[in-house]
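Below are the chains, spelled out letter by letter.
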Amino acid sequence: MPRTTTVESSGCPPLRALTFDVLGLIKVVEARGGQNGDAAKVVERWGEPDASKCVLSASILDRESRPLIGIARKSGSVEIISAINGDLQVQIPDLCQPEDDSIVGVHLLQKHKSGSSSRSCALLASTTKGHVRMESVKLGKTPEKSVRDPSPTVWNVCGSGNILCSKVSEDENHALFGGKGVEVNLWDLHKHEKIWTAKSPPKDNLGIFTPTWFTCATFLSKDDHRKFVAGTNSHQVRLYDISAQRRPVISIDFRETAIKAVSEDIDGNTIYVGNGSGDLATFDIRTGKLLGCFIGKCAGSIRAIARHPELPVIASCGLDSYLRIWDVQTRQLLSAVYLKQHLTSVVFDSHFRSEAPAPQVETAAEEDKAEATPVKRKKEHRGTRKAKSKSSKRSKCEED
């Protein structure tokens, strides 16, 4: 059964996170808050275990009405599902051939080409060979009635090497790409043109140039696409300012293993960094100063870090199969949930509102049985959700 670990703290505030793993499962984790806070619990599980459906990348369109999640799978397909109940909205099969290419990043866009309708969105997906695809989708009542763009925009962001990371800016006008043999570069998503490319740092004092590649990247500010950070396989985090120079403005060495995940804080000055040995820390990117490490070392490589848009918490997950919730001010562990599989990504649903105690799996036998059989929703669930939506912003997700 999912195991929950807590430490002495003010408790975990009410929140909802969705995790994705190597067996293609999506698990909904909620904390209900309360007077003294509460531990996070698994309240719902979507999908069946299947290694070919491993989730490589996930993105949430975090909005009040009809929030959506984009999922890139190992099989080469992309799915758009409801963030409320996991129902499939549309599937894009065979976006790439998994034998010689794989999807690196998927991003759901609300503004680009899709207007402001809650029944539409745009999708950007990139592959290791540098193929980028952008298309708009109009959602129907069923996946069959959803309408995809008949003429999606497709272009290539590298001539050689492998793309390992991609990131779309908050204004959805620009995107970063970088990888092995590919210097991090910036693209205009409206013109589909490269507008800037980084330049490698000079050789060291011995005249030796050590090849590095980029493993993760993120923009620093919602309103400024000119500054961003990128993590490398050489345990280094680099700050770039395209208005200043092509080489890094600041380079930060962090421990001794590859940087696997970076995330920006909402203040635009702080970043969170996770590496291959489970170290998690925060830096002031203006000075490169280490602000501190998060208390409680993870046992495996960190693969994803998510900052809650409103609450002062971050979530991290990775190869030790734990989802951890941290306080960004004290860097204390608030709650941790063991989810059995290696985790690849995590996102927050910021519009979640706590209303009642969350159900959870009672025994290990029930957990194993549920893992082996697909989860089916009860008929009365939809009716209950519809009734509750009249009196609350977000209805509660129930476990069958």
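Remember, predicted model here, so these are calculated numbers, not experimental data. (Residues numbered from 1 in each chain as written. Predicted model: local features only at pLDDT ≥ 70, side-chain atom pairs only at ≥ 80, totals over all residues. Heavy atoms only, no water.)

Undergrad: Help me out: how do you make sense of the side chain of Arg-63 in this one?
TA: For Arg-63, the position within the fold is in the loop between strand S5 (55–61) and strand S6 (68–73). Buried charge without a salt bridge: Arg-63, with Asp-62 as the nearest opposite-charge side chain at an N-O distance of 8.7 Å. Of the polar contacts made by the side chain of Arg-63, one reaches the backbone oxygen of Ser-65; its length is 3.1 Å. A polar contact of 3.0 Å, which involves the side chain of Arg-63, links it to the backbone oxygen of Arg-66. (Helix = DSSP H or I, 4+ residues; strand = E, 2+ residues; numbered from the N terminus. Buried < 20%, exposed > 50% of the residue type's maximum accessible area, 1.4 Å probe, protein only. Lys, Arg positive; Asp, Glu negative; His and termini not counted. Salt bridge = Lys/Arg side-chain N within 4 Å of Asp/Glu carboxyl O. Polar contact = N/O pair within 3.5 Å; in protein donor to acceptor, adjacent residues only side chain to side chain.)

Undergrad: Explain the pairing of strand S21 (residues 250–253) to me, please; I cannot follow it from the model alone.
TA: Where a strand is regular, its side chains alternate between the two sheet faces. The two faces of S21 differ: Ile-250 and Ile-252 on one face are buried, but Ser-251 and Asp-253 on the other face are not. Looking at chain direction, strand S20 (residues 236–241) and S21 are connected through 4 bridges and run antiparallel. Note that in S21 the partner of Gln-236 across the bridge is Asp-253. (Pairing = 2+ DSSP bridges.)

Undergrad: I'm lost on the nonpolar core in this one. Help?
TA: One recurring pattern in soluble globular proteins: nonpolar side chains tend to sit buried together. Among the nonpolar cores identified, the biggest contains 20 residues, and Leu-15, Val-29, Leu-323, Ile-325, Leu-339, Val-346 and Phe-348 are the most heavily contacted of them. Looking at this core, the elements that each hand over two or more residues are strand S2 (15–21), strand S3 (26–31), strand S26 (302–307), strand S27 (313–318), strand S28 (322–327), strand S29 (333–338) and strand S30 (343–348). Counting residues in hydrophobic clusters, the runner-up holds 17 residues, among them Cys-96, Leu-123, Ala-125 and Val-137. (Core = buried A, V, L, I, M, F, W, Y, C linked by side-chain atoms within 4.5 Å.)

Undergrad: I'm lost on the sheet that holds S6 in this one. Help?
TA: Remark on secondary structure: sheet strands pair via backbone hydrogen bonds, oriented parallel or antiparallel. Pairing within the open sheet is antiparallel, and its 4 strands lie in the order S5-S6-S7-S8. What marks the edges here is a single partner per strand, and that holds for S5 and strand S8 (88–92). Each adjacent strand pair in this sheet contributes to an overall mean axis angle of 15 degrees, direction not counted. (Axes fitted to C-alpha atoms, helices over the stretch in contact; angles between N-to-C directions.)

Undergrad: Please clarify how unusual backbone geometry should be interpreted in this entry.
TA: Glycine aside, negative phi is the norm for most residues, and most peptide bonds take the trans geometry. At Glu-172, a position not held by glycine, the phi torsion is positive, near 65 degrees. Turning to its location among the elements, Glu-172 is positioned in the loop between strand S14 (162–168) and strand S15 (174–180). You will see that Lys-340, though not glycine, has its phi angle at about 75 degrees, which is positive.

Undergrad: Can you help me understand the confidence of the model for the chain in this one?
TA: Looking at the chain as a whole, the pLDDT averages 85, with 81% of positions reaching at least 70. Taken as a whole, residues 361–367 scores under 50 in pLDDT and shows 14 contacts with residues more than four places along the chain or in a different chain. Below a pLDDT of 50 lies the segment residues 369–400, which in the model reaches 61 contacts outside its immediate sequence neighbourhood of four places, other chains included. (pLDDT = per-residue confidence, 0-100. Contact = heavy atoms within 4.5 Å.)

Undergrad: What's the story with the packing of aromatic side chains in this structure? I'm lost.
TA: For any two aromatic rings, the description comes down to two numbers: the centre-to-centre distance and the angle of the planes. For the structure shown, the criterion picks out 9 aromatic pairs. Both rings, one in Trp-196 and one in Phe-228, keep their centres 5.5 Å apart while their planes meet at 80 degrees; by these two values the pair is edge-to-face. Highlighted residues: Trp-196 in strand S17 (residues 193–197) and Phe-228 in strand S19 (residues 227–232), separated in sequence by 32 residues. Measuring from centroid to centroid gives 5.6 Å for Phe-254 and Phe-283, while their planes differ by 85 degrees, and the two rings are edge-to-face. Taken together, the positions of Phe-254 in the loop between S21 and strand S22 (259–264) and Phe-283 in strand S24 (residues 280–284) put the pair 29 residues apart, joining distant regions of the chain. For the pair formed by Phe-254 and Phe-283, the shared burial category is buried. The rings of Trp-196, Phe-219, Phe-228 and Tyr-240 are connected pair by pair, giving a single aromatic cluster. (Phe/Tyr/Trp six-rings, centres within 6.5 Å; stacked < 30°, edge-to-face > 60°.)

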